[in-house]
Amino acid sequence: MIYVGIDIAKDKHDCYIVTSDGVLISDNLRITNTLEGFNTLYSIISSNCQVASDVRIGLESTGHYGINLENFLRTKGYQLTVFNPLAVASFRKSQTLRKTKTDKVDAKFITTLLFNSDQTPTALVSDEIRELKSLTRHRYRLIGQCAKLKVSVSRLLTILFPELGTLIWSIHQKSSYAMLLEFPSAHDISNCHLTKLTNLLSKTSKGKYGKDKAIALKNLASKSIGINSSGTSFELQQTIRIINYYLDEIYILDKKIKELLIQMKTPLISIPGISYTLASIILSEVGDISRFQTPAKLLAFAGLEPSVYQSGKFQATGTSMVKRGSTYLRWAIIQAARLVAMRDPTFKLYQEKKKNEGKHHYVAISHTSKKLLRVIFHLLKNNINFVPQN
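The structure presented is a predicted model; accordingly, all values stated were derived computationally and were not measured. (Residues numbered from 1 in each chain as written. Predicted model: local features only at pLDDT ≥ 70, side-chain atom pairs only at ≥ 80, totals over all residues. Heavy atoms only, no water.)

Time to look at the side chain of Ser 280. Position of Ser 280 relative to the elements: it lies in helix H11 (residues 276-286). According to the relative accessible area criterion, Ser 280 is buried, its value standing at 0%. When sequence neighbours within four positions are dropped, the list of residues in contact with Ser 280 reads Leu 132, Thr 136, Ile 257 and Leu 261. (Helix = DSSP H or I, 4+ residues; strand = E, 2+ residues; numbered from the N terminus. Buried < 20%, exposed > 50% of the residue type's maximum accessible area, 1.4 Å probe, protein only. Contact = heavy atoms within 4.5 Å.)

Written out as structure tokens, the structure reads:
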């Protein structure tokens, strides 16, 4: 048996290779993140062990940097064990008091952890789950960039028309953006033609805003303290156009995610309150449900389990969530729990029960989230749809 520990980096990977008898094959093998480097590693492994099942390879979960190497090694028939970076860091600290961290040392500790660990090899993620995860992570980044641009819109409006938010539901609604694209400052709004503004607001708000709102806006704009700056106005218009572009792309992306999720026929869609978007995030982050033997392990993966502190006769109570694991999964579960509690009587009663016990609103939601995740575990394990309880 050969054990291979790999420390992943952007441009190169450090490898530590040893046999089950303790014979060192390589303690400082550094390969480039290229096909040539991958073949170098493969030739060394295959020359020392020609049976793929007798090779154990371990590496940290490091996001996109290790995807190509993982795919290469799996195509060669090797099984991989992917460790949580927290587990590797804790193991390294437990082995020495020295504050030493190098890529070479990390590769050795990964090998040692692999040698001493009874973990089963990490299951290969299906193509559908991998594609879904890529799309949902991409959506998360687009939403983040769009949110930053909306902050810029708020900043620019405090210069051009700070009073606008007092007269409309949101400065980020469709009708507001349409008006600001045409009239980007208080000066422009106060001097625009009433009929043109009325028609614009009526069309973009689907009749919610009409002539009365247009008159109120013109009157408010005429008394505004906002400055009349062509440069700032241009920046506002361009920022809104970029936001609209992002929103169009997110709409197209959501359609793509929905198509893929429908093909996968997941039971998560049967839960009232869970949309295609939330279901896709949950499913892509959970991956293969067989990785988790119990709901408690899935809770730990989502970072929703409570921390524990006990020393001597002292036992801490009211400890907070550990908040480790997948940030994306934890966010999606908490959002889903809030929506499910609005639509399913059982979850609604459970959340109200926690509030009646004196728990804070967000603490009650966290309890509901844990209950929802246990239900999701059961549905995915048995591949059955959600059935409301009477």
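What follows covers the packing of helix H6 (residues 174-182) against helix H10 (residues 230-264). Put simply, H6 and H10 touch, their axes get as near as 9 Å, and they point 140° apart. The angle between H6 and H10 falls in the class oblique. In this structure, H6 crosses over H10, and the sense of that crossing is left-handed. On the side of H6, the interface is formed by Tyr 177, Leu 180 and Leu 181, while H10 contributes Leu 236, Gln 237, Ile 240, Arg 241, Ile 243 and Asn 244. (Axes fitted to C-alpha atoms, helices over the stretch in contact; angles between N-to-C directions. Parallel < 35°, antiparallel > 145°, perpendicular 65-115°, else oblique. Left-handed = near helix turned anticlockwise from the far one by under 90°.)

A few words now on the pairing of strand E5 (residues 79-83). Relative to E5, strand E4 (residues 55-60) runs parallel, the two sharing 5 bridges. The residue of E5 that forms the bridge with Arg 56 is Gln 79. The handedness of the E4 to E5 crossover, carried by helix H2 (residues 67-75), is right-handed. (Pairing = 2+ DSSP bridges. Right-handed = clockwise from strand over helix to strand, strands pointing away.)

Turning next to helix H13 (residues 327-343). Along its 17 residues, H13 runs 25 Å from first to last C-alpha, staying within 8% of the 24 Å computed at 1.5 Å per residue. Buried residues belonging to H13 abut H11, helix H12 (295-302), helix H14 (345-356) and helix H15 (361-382). (Expected span 1.5 Å × (residues − 1).)

In the structure shown here, the tally under the stated rule is 0 disulfides. Looking at the unpaired Cys 49, the closest cysteine sulfur is the one in Cys 15, lying at 16 Å. Classification of Cys 49 as buried rests on a relative accessible area of 12%. (Disulfide = S-S within 2.5 Å.)

For the structure shown, the criterion picks out 9 salt bridges. Across the salt bridge formed by Asp 254 and Arg 139, the nearest N and O atoms sit 2.6 Å from each other. Residue Asp 254 is found in helix H10, and its partner Arg 139 is found in helix H5 (residues 127-160); the two are separated by 115 residues along the sequence. Accessibility expressed as a relative area gives 23% for Asp 254, which makes it partly exposed. Between Lys 353 and Glu 357 there is a salt bridge, and its shortest N-O distance comes to 2.8 Å. Overlapping salt bridges, with partners in common, bring together Lys 12, Asp 14 and Arg 30 in one network. (Salt bridge = Lys/Arg side-chain N within 4 Å of Asp/Glu carboxyl O.)

On to the side chain of Thr 111. Inspection of the secondary structure assignment puts Thr 111 in helix H4 (residues 103-116). Looking at Thr 111, the relative accessible area reads 2%, which means it is buried. A polar atom in the side chain of Thr 111 sits 3.1 Å from the backbone oxygen of Tyr 16. Discounting residues that sit within four places of it in the chain, Thr 111 has contacts with Tyr 3, Val 4, Gly 5, Tyr 16 and Val 18. (Polar contact = N/O pair within 3.5 Å; in protein donor to acceptor, adjacent residues only side chain to side chain.)

This part takes up the pairing of strand E2 (residues 12-19). Judged by how many residues are buried, E2 sits mostly within the fold: 8 of 8 residues are covered. Going residue by residue along E2, you find Lys 12, Asp 14, Tyr 16 and Val 18 tucked away on one face and His 13, Cys 15, Ile 17 and Thr 19 tucked away on the opposite face as well. Where strand E1 (residues 2-8) meets E2, 7 bridges bridge the pair, whose relative direction is antiparallel. Its bridge partner lying in E2, Ile 2 is registered against Thr 19. Linkage of E1 to E2, two consecutive antiparallel strands, is achieved through a turn of 3 residues.

For Lys 206, which is not a glycine, the phi torsion comes out positive at approximately 55°. One can find Lys 206 in the loop between helix H8 (194-204) and helix H9 (211-222). Residues other than glycine seldom take positive phi values, yet Lys 265 does so here, at roughly 55°. Structurally, Lys 265 can be placed in the loop between H10 and H11. With relative accessibility at 70%, the residue Lys 265 sits in the exposed group.

Looking now at the sheet that holds E4. Read from one edge to the other, the open sheet built from 5 strands follows the order E3-E2-E1-E4-E5, with strand pairing classed as mixed. In this open sheet, the two strands that pair with only one neighbour each are strand E3 (24-32) and E5. On average, each strand axis in the sheet is inclined to that of its neighbour by 20°, with strand direction left out of account. Taken strand by strand, helix H1 (residues 35-48) contacts E1, E2, E3 and E4, and its axis lies near 160° from that of E3. Seen against the sheet, H4 touches E1, E2, E3, E4 and E5 and runs at an angle of roughly 140° to E1.

Let's shift gears to the nonpolar core. Leu 164, Met 179, Ile 271 and Ile 282 are the most contacted members of the largest nonpolar core, which totals 67 residues. It is H5 that contributes the most residues to this core, 10 residues altogether. If we ignore the near neighbours within four places in the chain, the residues touching Met 179 are Leu 164, Ile 189, Leu 197, Leu 200, Leu 201 and Leu 217. Ile 2, Phe 38, Ile 45 and Cys 49 belong to the second-largest nonpolar core, a separate cluster that totals 20 residues. (Core = buried A, V, L, I, M, F, W, Y, C linked by side-chain atoms within 4.5 Å.)

Function cannot be inferred from these measures alone, as they are strictly geometric.
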